[in-house]
Amino acid sequence: MRKYKDCPPVLRDFLSYHENIKAQSPRTISEYYLDLRMFLRFIKLMRSNMSVTTRLDEIDITDVDLDFIRDISTSDIFEFLSYLANDRNPNPDNKYSQTGIEAAARARKLSAIKSFYKYLTVRTKQLQENPVADLEYPKIRKSLPRYLTLEQSSALLQSVSGPNQTRDYAILMIFLNCGIRRSELVGLNLSDIYDDRLRVVGKGNKERFVYFGTACRKAIDDYLIERNQKVLSDNRALFGSRDGNRISVSAVHRLVKKALLKAGLDATQFSAHKLRHTAATLMLSSGVDIKTVQEVLGHENLNTTQIYTHIESTELKIAAEANPISHLDMKKDNE
């Protein structure tokens, strides 16, 4: 936990608990760290004589103790959420950037605070009062996920070229065929490839097998010929980068955007995560049942998967056609 040395002991203990007892992923621990550090810095700013223009990253919170946290009220937390919604600037060095962050980001930070107080009140019983126990999450506007059509997916695959063509084609094929997350793809090792499936480590370090089709198998096999001739700094990694390291999340983001542009698709509207949406949509539109898609995507809650059922539903199309109004030709009847 040395990398969290700018945090007070009570926060480091919380992070250590989730890392070693709850066995949560490094990414989850990092998000808890960043969100709770921001929260405590904000509270300290509000309680101090410092100027309100003081940047949060300049505030030292190593002296924050249990008494400080015990005095935080529900009103303080509302004030923090208001700051996030109206005043928080994600890019403080850019004077033209807009202030305020979206509801989903605010909900994530509130979730971290709730987890922190649950640890203090329920797990370790260091506190008796929980100021966020009954606090509701910000309402998040639900929107249908964007996805590529089968024709657009084909165009994307055909657009791949360049020195990393075999690697990039295999990556895009895995996204479109298996619907895994970008972080899951980056974490794939050579030992995770089986004859007809991938072993994927998802959120919360939960493992699952995801099957792939013949075309995806061929794409992986073609890439493995090239991969087995390379030595990486982490030689377990399935996908490597030009500098000889495991491929990064940002590198995957760039290669997907590059392929989208080459395919003539709007790279501002699509991303690696949208390829996951595409895989789910294509499976459902081809008759795969939603519970199976849930398992493929690694969703813990079926409600998360159900958003894809609103995109393309044969039954809904049939219902629309069955409505007698759909067969009226008013122009003809008025002649």
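By convention here, each chain's residues receive numbers from 1 onward along its written sequence. Totals for whole chains, interfaces and linings use every residue, but because this is a predicted model, local features are given only for residues with pLDDT of at least 70 and side-chain atom pairs only at 80 or more, for both listing and counting. Excluding hydrogens and water, the side-chain values take into account all heavy atoms of the structure.

Before going further, it helps to examine the overall build of the protein. For the purposes of this entry, the term helix denotes a DSSP run of H or I that reaches at least four residues, the term strand denotes a run of E that reaches at least two, and both are numbered from the N terminus. A tally of helices and strands in the protein yields 15 helices and two strands. Looking at the 335 residues of the protein, the share that counts as buried comes to 41%. Contacts are assigned to residue pairs that have any heavy atoms within 4.5 Å of one another. For the protein, contacts bridging at least 24 residues in sequence account for 56% of all contacts bridging at least 6. Split by element, the accessible area of the protein, about 19600 Å² in all, is 49% carbon and sulfur. Note on exposure labels: buried denotes an accessible area under 20% of the residue type's maximum, exposed denotes more than 50%, and partly exposed covers the range between, all computed with a 1.4 Å probe on protein chains only. With residues, only the protein chains shown are counted as cover, and all accessible areas are computed by Shrake-Rupley using a 1.4 Å probe.

Each cavity reported here is a set of points on a 1 Å grid over the protein atoms alone in which a 1.4 Å probe fits but cannot get out, each pocket an open set with protein on both sides within 12 Å along at least five of seven lines, and each lining residue one with an atom within 4 Å of a point. Grid points are joined across faces, edges and corners, and a volume is the space filled by probe spheres set on the points. Within the structure shown, the criterion is met by two cavities of 30 Å³ or more. In this structure, the largest cavity occupies an estimated 70 Å³ of space. Taken together, Ser-159, Val-160, Ser-161, Asp-168, Leu-172, Leu-255, Lys-258, Ala-259 and Lys-262 make up the lining of the largest cavity. Its volume calculated, the second largest cavity comes out at about 30 Å³. Arg-167, Tyr-223, Arg-227, Lys-230, Leu-232, Gly-240 and Ser-241 are the residues that line the second largest cavity.

Here the focus is the pattern of salt bridges. When a carboxyl oxygen of Asp or Glu is within 4 Å of a side-chain nitrogen of Lys or Arg, the pair counts as a salt bridge. Summed over all chains, the structure comprises 21 salt bridges. Note that Lys-44 is salt-bridged to Asp-63, the shortest N-O span being 2.7 Å. Placement of Lys-44 in helix H2 (residues 26-47) and of Asp-63 in the loop between H2 and helix H3 (66-70) is noted, with a sequence separation of 19 residues between them. Within this structure, Arg-27, Glu-31, Asp-35, Arg-108 and Lys-109 form a network of salt bridges that share partners.

Turning to the layout of surface pockets, a few remarks are in order. In this model, the second largest pocket occupies a volume close to 510 Å³. Arg-55, Leu-56, Asp-57, Tyr-83 and Arg-88 are the residues nearest the centre of the second largest pocket, which is lined by 22 residues in total. The leading source of residues in the lining of the second largest pocket is H2, at eight residues. Of the residues that constitute the lining of the second largest pocket, the class distribution is 10 nonpolar, three polar and nine charged. Residues are sorted three ways: Asp, Glu, Lys and Arg are charged, Ala, Val, Leu, Ile, Met, Phe, Trp, Tyr, Cys and Pro are nonpolar, and all the rest, Gly among them, are polar.

Membership of the largest hydrophobic core comes to 47 residues, with the highest contact counts inside it found for Ile-174, Phe-175, Ile-180, Leu-185, Leu-198, Phe-239 and Val-256. Contributions of two or more residues to this core are made by helix H6 (150-158), helix H7 (165-178), helix H8 (182-186), strand S1 (197-201), helix H9 (214-227), helix H10 (249-262), helix H11 (272-285) and helix H12 (290-297). The biggest single contributor to this core is H7, with eight residues. Apart from residues lying up to four places away in sequence, Leu-185 is in contact with Ile-171, Ile-174, Phe-175, Ile-180, Phe-239 and Val-252. The term nonpolar core refers to a set of buried residues drawn from Ala, Val, Leu, Ile, Met, Phe, Trp, Tyr and Cys, joined through side-chain atoms within 4.5 Å. If you look at the next biggest cluster of nonpolar residues, it comprises 40 residues, including Val-10, Phe-39, Phe-42 and Leu-120.

Let us now look at the packing of H2 against helix H5 (residues 103-123). Remark: H2 packs on H5, axes separated minimally by 9 Å, with the N-to-C direction vectors making an angle of 90 degrees. Put simply, H2 runs roughly perpendicular to H5. Where H2 approaches H5, its residues Glu-31, Tyr-32, Asp-35, Leu-36, Met-38 and Phe-39 are matched on the opposing element by Arg-108, Lys-109, Ala-112, Ile-113, Ser-115 and Phe-116. For the contact of H2 with H5, the per-class residue count stands at seven nonpolar, one polar and four charged. Axes here refer to lines fitted to C-alpha atoms; in helices the fit is confined to the stretch in contact. Angles between the N-to-C directions go from 0 to 180 degrees. Angle categories: roughly parallel below 35 degrees, roughly antiparallel above 145, roughly perpendicular from 65 to 115, and oblique for all the rest.

This next bit is on the state of the cysteines. When the sulfur atoms of two cysteines share a covalent bond, that bond is a disulfide. We call a pair of cysteine sulfur atoms a disulfide when they lie within 2.5 Å. Taken as a whole, this structure holds zero disulfides when the rule is applied. Unpaired in this structure, Cys-178 has its nearest cysteine sulfur neighbour in Cys-216, at a distance of 4.4 Å.

Let's shift gears to the packing of aromatic side chains. Working definition: rings of Phe, Tyr and Trp (its six-membered ring) pair if their centres are within 6.5 Å, and the pair is stacked with planes under 30 degrees apart, edge-to-face with planes over 60 apart, and tilted otherwise. In the structure shown here, the tally under the stated rule is 12 aromatic pairs. Here the aromatic rings of Phe-42 and Phe-80 are separated by 5.4 Å at their centres, their planes lie at 55 degrees, and the arrangement is tilted. Remark: Phe-80 occurs in helix H4 (residues 74-86) and Phe-42 occurs in helix H2; sequence separation between them is 38 residues. Across the pair, exposure class does not vary: Phe-42 and Phe-80 are buried alike. An aromatic cluster is built from Phe-14, Tyr-17, Tyr-32, Phe-116, Tyr-117 and Tyr-119, whose rings are joined through pairwise contacts. The criterion for a charge sitting over a ring is simple: Lys NZ or Arg CZ within 6 Å of the ring centre, and within 35 degrees of the ring normal. Directly above the aromatic system of Phe-68 lies the positively charged group of Arg-47, at a separation of 4.4 Å from the ring centroid. Looking at Lys-114, its charged tip hangs above the ring of Tyr-137, at a distance of 5.5 Å from the centre.

Attention shifts here to the side chain of Arg-276. Locating Arg-276 in the fold gives a position in helix H11. Only 2.6 Å separates the side chain of Arg-276 from the backbone oxygen of Gly-179, close enough to count as a polar contact. Setting aside residues no more than four positions away along its own chain, Arg-276 makes contact with Gly-179, Ile-180, Arg-181, Arg-208, Leu-297 and His-299. Two N or O atoms form a polar contact when they lie within 3.5 Å of each other; inside protein one atom must be a possible hydrogen donor and the other a possible acceptor, and for residues adjacent in sequence the pair counts only when both atoms belong to side chains.

Turning our eyes to something else, we now look at the packing of helix H1 (residues 9-20) against H2. Contact geometry for H1 and H2: axes closest at 10 Å, N-to-C directions at 160 degrees. Judged by the inter-axis angle, H1 sits roughly antiparallel to H2. In this structure, the crossing between H1 and H2 has a hand that is right-handed. Residues Leu-11, Phe-14, Leu-15, His-18 and Glu-19 of H1 form the contact with H2, whose own contacting residues are Ile-29, Tyr-32, Tyr-33, Leu-36, Arg-37 and Leu-40. Looking at the contact of H1 with H2 residue by residue, the class counts come to eight nonpolar, one polar and two charged. Crossing chirality is assigned from the near helix's rotation relative to the far helix, an anticlockwise turn below a right angle marking it left-handed and a clockwise turn marking it right-handed.

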